[in-house]
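Here's the letter readout for the chains.
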Amino acid sequence: MSDLGALLRKAREERGLTLDDVQEITKIRKRYLEAIESGDHSVLPGTFYLRAFVKNYCDAVGLDADEVLRLYQHEIPASVTDQIVEAVPARQPKRVRTRSSERISKLGFNIMMWSFLILIVVVVWVYFVNQKANNPKEIDNTNITDQASPAPPSQSPSSSNGGGTTTTPTATPTPTPSQAPTTVTFSSKVGKVDHYDVAPAGMVHKVEIKISGGPSWTEVRSGGSSGKAIISETAPDGSAFTYDLDQPLYINVGRADLSSISVDGVQINDGDRAGSKKIQLNPVVGAGGTDGTNPDISSTPGDTTGTENQ
């Protein structure tokens, strides 16, 4: 067995996958997968397919395909296209240029620089426009007439007490403020993990993962990618998992096209492709140093009591 094959087999066994599972995820024939693990590359149709199969294998078992190909390049030779490009020497530029050609070159360089600057300005403008569109300001549309007002006291049947009557006031329930909608905003990409901020703070969000259309490798860890594993298995078709977002939650699915991830019903874009997808959901930190999932006491204007979450 080659060093590359041993690495792939170890990663597969650590995730509890069989060759049949990897064949289902990658759509690569089992005999080719066995040849890759054993190092018998003569069974494969060619160098190009070898590199492609190794990349898909790495994605299925959670390894960095580019790093594996770099470390084991002595076992995986470059494709024929790469060898041809390396064999063809670069054409040497002409040393002698006329004045007209130099002017054209300077003009082309200036045009390219200005185009690049304009492109940067356009990208920055589009980014800020999208940020404003994704985070609209909340406007209180409650009319003054809609706010609750004390009801007049109702009179009870009169009782004889020196010719007078007694009245008993009726309590009116105080309306509770409406809850802000859940927002899931992309914040950054660390390596191959997409980070999302989940708001608002001060409430416990529900994360739901559904598998539909076939089995898919599913991994969930609390606290981050190196945190405690909650689930790490190949989930069968029709599986559904629900978790409380009380701390950062790392999710890794082997087949993004068969997986659906949502927070309080808000769907997360996972790329919807036949490959792995890694995301981390981070609850937004609220006022007073709480992250909205385990606050001591949270209250809103108009409330007379706080809510304590244990």
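It should be emphasised that the depicted structure is a prediction, and the values quoted were computed from it without experimental measurement.

Reading the values: the criteria
- Residues numbered from 1 in each chain as written.
- Predicted model: local features only at pLDDT ≥ 70, side-chain atom pairs only at ≥ 80, totals over all residues.
- Heavy atoms only, no water.
- Pairing = 2+ DSSP bridges.
- Helix = DSSP H or I, 4+ residues; strand = E, 2+ residues; numbered from the N terminus.
- Axes fitted to C-alpha atoms, helices over the stretch in contact; angles between N-to-C directions.
- Buried < 20%, exposed > 50% of the residue type's maximum accessible area, 1.4 Å probe, protein only.
- Arc of directions from axis to C-beta.
- Contact = heavy atoms within 4.5 Å.
- Core = buried A, V, L, I, M, F, W, Y, C linked by side-chain atoms within 4.5 Å.
- Salt bridge = Lys/Arg side-chain N within 4 Å of Asp/Glu carboxyl O.
- Polar contact = N/O pair within 3.5 Å; in protein donor to acceptor, adjacent residues only side chain to side chain.

Chemist: Please clarify how the sheet that holds strand β11 (residues 266-267) should be interpreted in this entry.
Modeler: Hydrogen bonds between backbone groups are what pair the strands of a sheet, and the pairing can be parallel or antiparallel. Pairing is antiparallel across the open sheet formed by 4 strands, whose spatial order is β8-β5-β10-β11. At either margin of the open sheet sits one strand with a lone partner, and together these are β8 (240-245) and β11. Where strand β5 (residues 205-211) lies against β8, 6 bridges are found, and the strand directions are antiparallel. Looking at the pairing, Ile 209 lines up with Phe 241 of β8.

Chemist: I keep staring at the sheet that holds strand β9 (residues 249-253) and nothing clicks. Help me out?
Modeler: In space, the 6 strands of this open sheet follow the order β3-β4-β12-β9-β6-β7, with mixed pairing throughout. In this open sheet, the two edge strands, each paired with only one partner strand, are β3 (183-190) and β7 (228-235). Ignoring strand direction, the axes of neighbouring strands in this sheet form an average angle of 20 degrees. In the sheet, β9 pairs with strand β12 (residues 277-283) via 5 bridges, with the strands oriented antiparallel.

Chemist: Please explain helix α2 (residues 19-26) as it appears in this structure.
Modeler: Residues that lie three or four places apart on an α-helix share one face, since the helix turns once every 3.6 residues. For α2, every residue scored as buried is listed here: Leu 19, Val 22, Ile 25 and Thr 26. End-on, the buried residues of α2 take up no more than an arc of 120 degrees, which puts them together on one face. If you follow the buried residues of α2, they end up packed against α1 (3-14), α3 (30-38), α4 (47-61) and β6 (216-222). Two residues or fewer after α2 comes Lys 27, characterised by a positive phi angle close to 65 degrees.

Chemist: Where do I start with the pairing of β12 in this structure?
Modeler: Strand residues, when the strand is regular, have side chains that alternate between the two faces of the sheet. Counting buried positions along β12 yields 7 of 7 residues, so the element is predominantly enclosed. Along β12, one buried face is formed by Lys 277, Ile 279, Leu 281 and Pro 283 and the opposite face, lined by Lys 278, Gln 280 and Asn 282, is buried too. Note that strand β4 (residues 193-199) and β12 share 6 bridges and pair parallel. Within β12, the position partnered with His 195 by the bridge is Gln 280.

Chemist: Would you mind going over the nonpolar core with me for this structure?
Modeler: Most often, soluble globular proteins have nonpolar side chains that are buried together. Leu 4, Ile 36, Val 54 and Tyr 57 are the most contacted members of the largest nonpolar core, which has 25 residues in total. The set of elements that each furnish at least two residues to this core consists of α1, α2, α3, α4 and α5 (65-71). The greatest single-element share of this core, amounting to 7 residues, is contributed by α4. Once you skip the residues sitting within four places of it in the chain, Leu 4 turns out to touch Val 54, Val 68, Tyr 72, Glu 75 and Ile 76.

Chemist: For this particular structure, what's the right way to read the pattern of salt bridges?
Modeler: Side chains carrying opposite charge are able to pair once their charged atoms draw close together. On inspection of all chains with the given rule, the structure shows 13 salt bridges. Ionic pairing is found between Asp 20 and Lys 30, a salt bridge with its closest N-O pair at 3.4 Å. Here Asp 20 is found in helix α2, whereas its partner Lys 30 is found in helix α3, with 10 residues between them in sequence. The structure contains a network of salt bridges with shared partners spanning Arg 15, Glu 219 and Arg 221.

Chemist: Just to check I follow, could you spell out the side chain of Gln 280 for this structure?
Modeler: Structurally, Gln 280 is set in strand β12. Within polar-contact distance, the side chain of Gln 280 engages the side chain of Asn 282 at 3.1 Å. Not counting residues within four places of it along the chain, the set of residues in contact with Gln 280 comprises Val 193, Asp 194, His 195, Tyr 196, Gly 224, Ser 225, Pro 248, Leu 249 and Tyr 250.

Chemist: Before we go on, may I ask you to explain unusual backbone geometry in this structure?
Modeler: The general pattern is negative phi for most residues beyond glycine and trans for most peptide bonds. Following Ala 199, the chain continues into Pro 200 via a peptide bond in cis, with omega recorded as 5 degrees. Within the fold, Pro 200 resides in the loop between β4 and β5. One non-glycine residue, Asp 264, lies in positive phi territory at about 55 degrees. Mapped onto the secondary structure, Asp 264 falls in the loop between β10 (259-263) and β11. What makes Asp 264 partly exposed here is its relative accessible area of 29%. Despite not being glycine, Asp 272 has its phi angle at roughly 50 degrees, a positive value. Tracing the sequence through the fold places Asp 272 in the loop between β11 and β12. Looking at Asp 272, the relative accessible area reads 55%, which means it is exposed.

Take it as geometry only, folks, not as evidence of what the structure does.
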